[in-house]
Structures are given as structure tokens and as C-alpha cells.
Amino acid sequence: MDLPPGAIEFFDPKLRQAGPLRAAGKVDLVTGSLGEIRVKGHAKVLMEADCDRCLDPARLPLDSDFELYYRPVSEGYGEETAIDQSEAEMGFYEGDGIELNDVLREYILLSLPMQRLCGDTCKGICPHCGQNRNHIQCQCQGEAVDDRWAALRQLK
Ligand SMILES: [Zn+2]
Ligand SMILES: [Zn+2]
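Residues numbered from 1 in each chain as written. Chains lettered and ligands numbered in written order. Predicted model: local features only at pLDDT ≥ 70, side-chain atom pairs only at ≥ 80, totals over all residues.

A. Here's a closer look at the overall build of the protein. When you go through the protein residue by residue, the secondary structure sums to three helices and six strands. Counting from the amino terminus, the protein carries its helices and strands in the arrangement β-β-β-β-β-α-β-α-α. Here the protein holds 156 residues, and the buried ones make up 14% of them. (Helix = DSSP H or I, 4+ residues; strand = E, 2+ residues; numbered from the N terminus. Buried ≥ 20, exposed ≤ 12 C-beta atoms within 10 Å, placed from the backbone.)

Below, the structure is given as C-alpha cells:
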């Protein structure tokens, strides 16, 4: 199946889907469980986010397998009881089933890197003049280095 950009709501204004999402997979009832559902598949999508350092668009291609588990809310699992780590990573579903869009949103959010950067070498925004240092070689850094040397010279 293909989902065009905009089909999934990410509730994050800094995050966008930049190309069609290709997904294939299947939904199984986990044997021996109380209605636990496993969604297993593969998804490929190009995501775009504002770079954490410079705010330019950062391209974040995702192309991987996923496996997500869901439990029915009606079994009481949804209550705020002592939830251990493995349960915290498990989603819940209500009623007859789960929305595939919800599953794909969760896959994407889990797969994105913690730091969303336009590139490993992103220089970020200059804290002094506010310019994007990937585009403009501002003079602030040079001055800062000079200042440090001046301070060292004063120590002598
Ligand atoms: Zn950047
Ligand atoms: Zn600057």
C-alpha cells in the first residue's frame, strides 16, 4: 500500500512526510495471548524535519522492517498500573482493531533518530549573529578565537 504525504498526522509541526510511504505487512493475533496483536511489516518513506541545529530541512529516509505489539484496552491493560518497560513500549487498541495509520505513525516516530540533523557536518546557527553557518561564513567565530588568544596574552 502507498500513503501520500499528509495521510498521517504526526502532531509535530517540525516533522513532515516528504514522499509516498510504501508499506507492506500483516497483522496477527498472538497465540496464547488475551487479544494481543502483532503488526509485522516493512515500510519505506522519506521524512523531512527541521534540523535540530540549523532549522533547515533535514532529509530522513526510513527503510526498515518493523514489529509492533498492541493490546486491547478492554482487557484492563490500559489502566495506569505499574507499567514496566516492555509494556510501556506496547501500544493499545480499542474496539475491533487498530488503525494502520496509527501503526505507521508509531513506526516512523520510533525509527527516527533522536537528533534530527540535515547532515553530520551541520554547523548550526551562529549563537552570536543568528546566521546559518552552513550557508554563510560569518566572522563571529574568528573573533571569538582572537578574543581567546588575547585573554591568554594578558595572562603572561
Ligand atoms: Zn542543520
Ligand atoms: Zn556569526
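Following the structure, the description resumes.
B. Structural view of the pairing of strand β5 (residues 57-72). Where strand β4 (residues 37-50) lies against β5, 14 bridges are found, and the strand directions are antiparallel. What sits directly across from Asp50, in β5, is Pro57. Here β4 hands over to β5 after six residues, with Leu55 in that stretch at a positive phi of 70°. The pairing of β5 with strand β6 (residues 91-93) spans three bridges and is parallel. The residue of β6 that forms the bridge with Tyr70 is Gly91. (Pairing = 2+ DSSP bridges.)

C. Quick peek at the nonpolar core. By size, the foremost hydrophobic cluster in this structure holds 18 residues, and its most contacted members are Leu104 and Tyr107. Those elements that place two or more of their residues in this core are β4, β5 and α2 (100-111). Looking at which element gives the most residues to this core, the answer is β4, with five residues. When near neighbours in sequence (up to four residues on either side) are disregarded, Tyr107 contacts Ala43, Phe66 and Leu68. (Core = buried A, V, L, I, M, F, W, Y, C linked by C-beta atoms within 7 Å. Contact = placed C-beta atoms within 7 Å.)

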